[in-house]
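Here is how the chains run, residue by residue.
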Amino acid sequence: FFTILSMLMGGILFLLGSTYIVSVDTEHLARQSYFSNAEYMIGYDSEYQDIGSETEIFEYQEQNILNDKFIQELYNIPQVSSVTAYSYESVTYTYDGYTVNNDMVMLSDTMLSEINKDLGENAVDEETLARENGVIYNMRPAFWDMPIAVGDIVTLNYFNGQAYTSIDVKIAAITSEDYAV
């Protein structure tokens, strides 16, 4: 009786385990986060500035090692199908008592087109952003509780290469909570 019972339990555990292993989509799991459209990201990131580097991030940026020549070298790797380059500025902004360190992405036409798909009827164009000194706020999970709204004015503080400076910008649009740059 115990032999049959142990074989039955072993069979059930085997079937459950194999079903779980087969049903897990590792590609889908890997693409749920920040790397949803990429295998690798190469860049300068202010997030790692405080880990002991004696070199300021702008000094790396001045060296311009992520230039067109480097991108062309990436295309020469047989497994590379595309390279998407984008620029961002490390900023600190204060709004309604919140102080946030973040990166502000400079949008290409392709990126603006992709974001406008998410914005739907609230889509904005490049001319409107320039005319109104506007930005598109990316609603990320860490900031869902921030009471920020379209039309609000936010002061961005950033390093311009020589000194820290400030600029007031208008929130022209806010991405959905599902959207990730």
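On a predicted model such as this, the values are computed, not experimentally measured, just so you know.

What counts, and where the lines are drawn
- Residues numbered from 1 in each chain as written.
- Predicted model: local features only at pLDDT ≥ 70, side-chain atom pairs only at ≥ 80, totals over all residues.
- Heavy atoms only, no water.
- Helix = DSSP H or I, 4+ residues; strand = E, 2+ residues; numbered from the N terminus.
- Buried < 20%, exposed > 50% of the residue type's maximum accessible area, 1.4 Å probe, protein only.
- Contact = heavy atoms within 4.5 Å.
- Salt bridge = Lys/Arg side-chain N within 4 Å of Asp/Glu carboxyl O.
- Phe/Tyr/Trp six-rings, centres within 6.5 Å; stacked < 30°, edge-to-face > 60°.
- Lys, Arg positive; Asp, Glu negative; His and termini not counted.
- Polar contact = N/O pair within 3.5 Å; in protein donor to acceptor, adjacent residues only side chain to side chain.

Caption draft 1: Geometry of the overall build of the protein chain. A tally of regular secondary structure across the protein chain gives six helices and five strands. In the protein chain, the succession of helices and strands from N to C terminus is α-α-α-α-β-β-α-α-β-β-β. When the 181 residues of the protein chain are sorted by exposure, 21% land in the buried category. Of the contacts made within the protein chain by residues no fewer than 6 positions apart, 50% connect residues no fewer than 24 positions apart.

Caption draft 2: Representation of the pattern of salt bridges. On inspection of all chains with the given rule, the structure shows two salt bridges. Across the pair Lys 170 and Glu 132 runs a salt bridge whose closest N-O atoms are separated by 3.6 Å. One end of the pair, Lys 170, is in strand β5 (residues 164-174); the other, Glu 132, is in the loop between α6 (126-131) and β3 (134-137), with 38 residues separating them in the sequence.

Caption draft 3: Main features of unusual backbone geometry. Of note, Asn 133 is a non-glycine position whose phi angle comes to about 50°, a positive value. Its place among the elements puts Asn 133 in the loop between α6 and β3. For Asn 133, a relative accessible area of 34% corresponds to the partly exposed category.

Caption draft 4: Geometry of the packing of aromatic side chains. Evaluation of the coordinates by the stated rule reveals one aromatic pair. Here the aromatic rings of Phe 1 and Phe 2 are separated by 5.4 Å at their centres, their planes lie at 70°, and the arrangement is edge-to-face. One exposure class covers both Phe 1 and Phe 2, and it is exposed.

Caption draft 5: Here's a closer look at the side chain of Asp 152. Among the structural elements, Asp 152 can be located in the loop between β3 and β4 (153-159). Although Asp 152 is buried, it forms no salt bridge, and the closest oppositely charged side chain is Lys 170 at an N-O distance of 9.7 Å. Only 2.8 Å separates the side chain of Asp 152 from the backbone nitrogen of Ala 149, close enough to count as a polar contact. Excluding residues within four positions of it along the chain, Asp 152 makes contact with Tyr 95, Pro 147, Val 169, Lys 170 and Ile 171.

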